[in-house]
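Okay, here's what each chain looks like letter by letter:
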Amino acid sequence: MSEPVNNEHTPTPAPASEAPAEKTFTQTELDSIVGKRIAKAMKGMPGEEELTAFRAWKASQQTEQEKWDALTKERDESRTALTAVQAELEQYKREKFLLGKGVAADDVDYYAFKVGKLVSDTTDFEKAAEQFLKDNPPAGTVQVDLSAPLGGGRPSPTENEMMNSLIRGARK
């Protein structure tokens, strides 16, 4: 059999003592090296005066842009409010017109809606309301025909009256 190897008596290799010596710099040499690197990095960069002028210009432009944005926002809000107020005023005018024509206060919204659907480029609200009210008189109104009858002062009989006369056997 073989004998075990005993590593306890094996010598370890010594570290290499020949490391390259590091170069040391004086403060002036170090300043010179850093200055050269900074100069190389700053090549093409604006100077302090140029940066100050640019920052001032950018601030003035941003301020103008912010003013413009604020004015634009205010204008849009005013336009929206104006449109809403104009629509409300138009609705009040329509309701007043319909109330003046004898429409009950409870029915004004309905009539305004229906008449509003009849409004077009050629027909304004008043004309459409007149036509709608003629075709659909408000409840509780009485239509009176003030036209004079033709033919001897007696009105001509309606179809319903003629049929009733025939059924009853009445003579003319």
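Structure first, text after, so check above.
None of the values given here were measured: they were computed from a predicted structure.

A closer look at the overall build of the protein chain
Each helix and strand in the protein chain was counted, giving five helices and zero strands. Helices and strands appear in the protein chain in the N-to-C order α-α-α-α-α. When the 172 residues of the protein chain are sorted by exposure, 8% land in the buried category. Of all intrachain contacts in the protein chain linking residues separated by at least 6 positions in sequence, the fraction that spans at least 24 positions is 40%. Total accessible area on the protein chain stands at roughly 16000 Å², and carbon and sulfur atoms take up 56% of it.

With respect to helix H5 (residues 159-168)
Each turn of an α-helix holds 3.6 residues, which means side chains three or four residues apart point in the same direction. In terms of residue burial, H5 counts as a barely covered element, since only zero of its 10 residues are buried. Positive backbone phi, at 80°, marks Gly169, one or two positions downstream of H5.

Here's the deal with the nonpolar core
Counting residues in hydrophobic clusters, the biggest one holds 11 residues: Leu98, Val103, Val108, Tyr111, Ala112, Val115, Phe125, Ala128, Ala129, Phe132 and Leu133. Among the elements of the structure, helix H3 (108-118) and helix H4 (125-135) are those that each provide at least two residues to this core. Ranked by residue count, the leading element in this core is H4, at five residues. With near-sequence residues (within four places) excluded, Val115 lies in contact with Phe125, Ala128, Ala129 and Phe132.

Points about a nonpolar patch on the surface
Taken together, the side chains of Phe25, Leu30, Ile33, Val34, Ile38, Met42 and Met45 present a nonpolar region at the surface, about 650 Å² in accessible area. Its place among the elements puts Ile33 in helix H1 (residues 27-42).

Considerations on the packing of aromatic side chains
Enumeration according to the criterion identifies four aromatic pairs in this entry. The interplanar angle of 75° and the centroid separation of 6.3 Å between the aromatic rings of Phe97 and Phe125 together place this pair among those described as edge-to-face. Of this pair, Phe97 sits in helix H2 (residues 48-100) while Phe125 sits in helix H4, and the two are 28 residues apart along the sequence.

How each quantity is defined
Residues numbered from 1 in each chain as written. Predicted model: local features only at pLDDT ≥ 70, side-chain atom pairs only at ≥ 80, totals over all residues. Heavy atoms only, no water. Helix = DSSP H or I, 4+ residues; strand = E, 2+ residues; numbered from the N terminus. Buried < 20%, exposed > 50% of the residue type's maximum accessible area, 1.4 Å probe, protein only. Contact = heavy atoms within 4.5 Å. Areas by Shrake-Rupley, 256 points an atom, 1.4 Å probe, with all protein chains shown as cover. Core = buried A, V, L, I, M, F, W, Y, C linked by side-chain atoms within 4.5 Å. Patch = residues over 30% accessible without salt bridge, like charges linked within 9 Å, V, L, I, M, F, W, Y side chains within 5 Å. Salt bridge = Lys/Arg side-chain N within 4 Å of Asp/Glu carboxyl O. Phe/Tyr/Trp six-rings, centres within 6.5 Å; stacked < 30°, edge-to-face > 60°.

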